[in-house]
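# Examination of the molecular architecture
What follows is the residue order along each chain.
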Amino acid sequence: MSSPISEIVFASQMSSPISEIVFASQMSSPISEIVFASQMNSHKDALKLLGCCLETELPILVFESAENGTLHDRIYNPHLAGFQPLSWTNRLRIAIDQDYVPKLTDFSLSAPIPEGEYHIEHGVRTEKVPKETLGFLAAEFFSKSTINEKVDVYSFGVVLLSLLTGKRMQHPLPFATPENYLVDGLKAYAETKRFNYEIVVDPFILQEGPWPGKEQQLQKFSLLALQCSCDLEENRPAITEVAKQLRQIYQSASSNC
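Residues numbered from 1 in each chain as written. Predicted model: local features only at pLDDT ≥ 70, side-chain atom pairs only at ≥ 80, totals over all residues. Heavy atoms only, no water.

### Observations regarding the packing of aromatic side chains
- Throughout the structure, instances matching the rule amount to three aromatic pairs.
- Between Phe83 and Phe204, the aromatic rings sit 5.6 Å apart at their centres with planes inclined by 45°, giving tilted as the arrangement. You can see Phe83 sitting in the loop between helix H2 (71-75) and helix H3 (88-96) and its partner Phe204 sitting in helix H9 (residues 203-206), a full 121 residues away along the chain.
- The interplanar angle of 75° and the centroid separation of 5.1 Å between the aromatic rings of Trp88 and Phe221 together place this pair among those described as edge-to-face. Pair noted here: Trp88 is in helix H3 and Phe221 is in helix H10 (residues 214-228), with a separation of 133 residues, a long-range link. This pair shows no difference in class: Trp88 is buried, exactly as Phe221 is. (Phe/Tyr/Trp six-rings, centres within 6.5 Å; stacked < 30°, edge-to-face > 60°. Helix = DSSP H or I, 4+ residues; strand = E, 2+ residues; numbered from the N terminus. Buried < 20%, exposed > 50% of the residue type's maximum accessible area, 1.4 Å probe, protein only.)

Right, dumping it as structure tokens:
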């Protein structure tokens, strides 16, 4: 199992025959993931579950084709053959789920919040979570027995930071200590220095050249991502407010790029 970035894929908008289906997920929590993935089958932003292979030590879920690869491959692996960097506007489309068709897969840590409820109990232990995923989870996921939707806001904020920087969670920033990785490094930088997008932003975005309002868009995006990944859950914005601000940034970018 890999990080949430690997679990965001770009599926073909056309259905593929069974022979072309190659995307699979090996499960650490087979029953819960089969149930949740089945429930998500009708959701437009989830990769459709097609079956399950039981002939391995851990069952393997088989999903519909993800012909355009994972977000991981599009921002973390510039040395791969055929690598195509994502433009700034395409990264914003992914963030607001518009046109670029991002879809989720791997629901091993997922749980639904019943209608009318605001919290759920969970029993996930740190040692059961892959190390690549730990950085995407809010601290209260492990310090409390109950969690709410603000843990999703935190994880989404980390995904936004990855879209902005093109860096892995475990990547130490130039201005951070070796122990101070992506999220904490950007938080420390934002608290002590003026925003310098030439240091923070993915070089592929910088190579697109200037356009009106570019620095302001990048700064607003960065601050929003950091608000989402705030350590205090009560200080994180509601996901509806996050979506509203992202759409405003996208509208500004699409009208000027």
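Having seen the structure, we can now continue with the description.
### Observations regarding the environment of Leu224
- Here Leu224 is to be found in helix H10.
- Overall, Leu224 belongs to the buried group, its relative accessible area being 1%.
- For the pair Leu224 and Pro237, spaced 13 residues apart in sequence, the C-alpha separation works out to 8.7 Å.
- Setting aside anything within four residues of it in sequence, one finds Leu224 in contact with Val242, Gln245 and Leu246. (Contact = heavy atoms within 4.5 Å.)

### With respect to the pattern of salt bridges
- According to the stated counting rule, one finds four salt bridges in the structure shown.
- Notably, a salt bridge pairs Lys144 with Glu233, separated by 2.7 Å at the nearest N-O pair. Taken together, the residues Lys144 in the loop between helix H5 (140-143) and strand E7 (146-147) and Glu233 in the loop between H10 and helix H11 (239-256) connect sequence positions 89 residues apart.
- In this structure Lys144 comes out as partly exposed when scored by relative accessible area, which is 41%.
- Ionic pairing is found between Asp231 and Lys187, a salt bridge with its closest N-O pair at 3.0 Å. Of this pair, Asp231 sits in the loop between H10 and H11 while Lys187 sits in helix H7 (residues 182-192); the two residues are 44 residues apart in sequence, bridging distant segments of the chain.
- Residue class for Lys187 comes out buried when judged on its relative accessible area of 13%. (Salt bridge = Lys/Arg side-chain N within 4 Å of Asp/Glu carboxyl O.)

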